[in-house]
Amino acid sequence: MRVGEPLETTPTKSPPAPLLGSWFLSTKTHCTVRIPRDLRDQVDAVAARQNRSTSDVIRLAIEQFVAGAKRADDSQLRHMRVTEYRQIALDAIIRENHPELRDHLIAQTDLRMEQYHGTR
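Notes on the structure in this doc start here.

### Looking at the environment of His 30
By the secondary structure assignment, His 30 is in the loop between strand S2 (23-24) and helix H1 (37-50). In this structure His 30 comes out as exposed when scored by relative accessible area, which is 72%. For His 30, the side chain forms a polar contact with the side chain of Thr 32, separated by 3.4 Å.

Shown next, in the form of structure tokens:
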């Protein structure tokens, strides 16, 4: 590299820190990960087909995994909220229409929690 050339030519998503006037340092960090040889071969093949670097393919895969994990967390939270809503609604209906069944239903729930989930 010669003086006056940019330190990195690939664009970054977040604005890099300025260095020497109009030149920039990368905001990317180095990370070493050990993967099986066959997986590395597959990543290299994808990189070659897409005319990308292996690092770009791995970086994109990690970004997609993290985004997918966020969506899964959001979906799980939604399911928990729906479940709690149904529990509250069902309890209100039972209290109003069948209060004599409530204690029996709770006892059966406790038995099933222990039987199927190992907890009360």
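On we go.
### Describing H1
Relative to the 20 Å expected for 14 residues at 1.5 Å per residue, H1 spans 20 Å between its end C-alpha atoms, a close match to the ideal helical length. Immediately beyond the C-terminal end of H1, within one or two residues, lies Asn 51, with a positive phi of roughly 55 degrees.

### Quick notes on the packing of H1 against helix H2 (residues 54-97)
To characterise two packed helices, one gives the angle between the axes of the helices and the distance between these axes. Across the interface, H1 lies against H2 with an axial gap of 8 Å and an inter-helix angle of 105 degrees. Taken together, the axes of H1 and H2 are roughly perpendicular relative to one another. Contacts between H1 and H2 pair Arg 40, Val 43, Asp 44, Val 46 and Ala 47 from the former with Thr 54, Val 57 and Ile 58 from the latter. Within the contact of H1 with H2, the residues separate by chemical class into 5 nonpolar, 1 polar and 2 charged.

### Some details on helix H3 (residues 99-117)
The first and last C-alpha atoms of H3 sit 27 Å apart over 19 residues, in line with the 27 Å expected at 1.5 Å per residue. Gly 118 lies just past H3 and shows a positive phi near 70 degrees.

### Brief notes about the pattern of salt bridges
Applying the stated rule across the entire model yields 6 salt bridges. The salt bridge partner of Asp 41 is Arg 37, with a shortest N-O separation of 3.0 Å. Of the two residues, Asp 41 and Arg 37 both sit in helix H1, 4 residues apart, roughly one turn of that helix. We classify Arg 37 as exposed; its relative accessible area is 57%. Beyond isolated ion pairs, a larger network of salt bridges with shared partners links Asp 91, Arg 95 and Arg 102.

### Let's talk about a nonpolar patch on the surface
There is a patch of nonpolar side chains on the surface, built from Ile 58, Ile 62, Phe 65 and Val 66 and spanning about 400 Å² of accessible area. One can find Val 66 in helix H2. Overall, Val 66 belongs to the exposed group, its relative accessible area being 51%.

Parameters and conventions
Residues numbered from 1 in each chain as written. Predicted model: local features only at pLDDT ≥ 70, side-chain atom pairs only at ≥ 80, totals over all residues. Heavy atoms only, no water. Helix = DSSP H or I, 4+ residues; strand = E, 2+ residues; numbered from the N terminus. Buried < 20%, exposed > 50% of the residue type's maximum accessible area, 1.4 Å probe, protein only. Polar contact = N/O pair within 3.5 Å; in protein donor to acceptor, adjacent residues only side chain to side chain. Expected span 1.5 Å × (residues − 1). Axes fitted to C-alpha atoms, helices over the stretch in contact; angles between N-to-C directions. Parallel < 35°, antiparallel > 145°, perpendicular 65-115°, else oblique. Contact = heavy atoms within 4.5 Å. Nonpolar A, V, L, I, M, F, W, Y, C, P; charged D, E, K, R; others polar. Salt bridge = Lys/Arg side-chain N within 4 Å of Asp/Glu carboxyl O. Patch = residues over 30% accessible without salt bridge, like charges linked within 9 Å, V, L, I, M, F, W, Y side chains within 5 Å. Areas by Shrake-Rupley, 256 points an atom, 1.4 Å probe, with all protein chains shown as cover.

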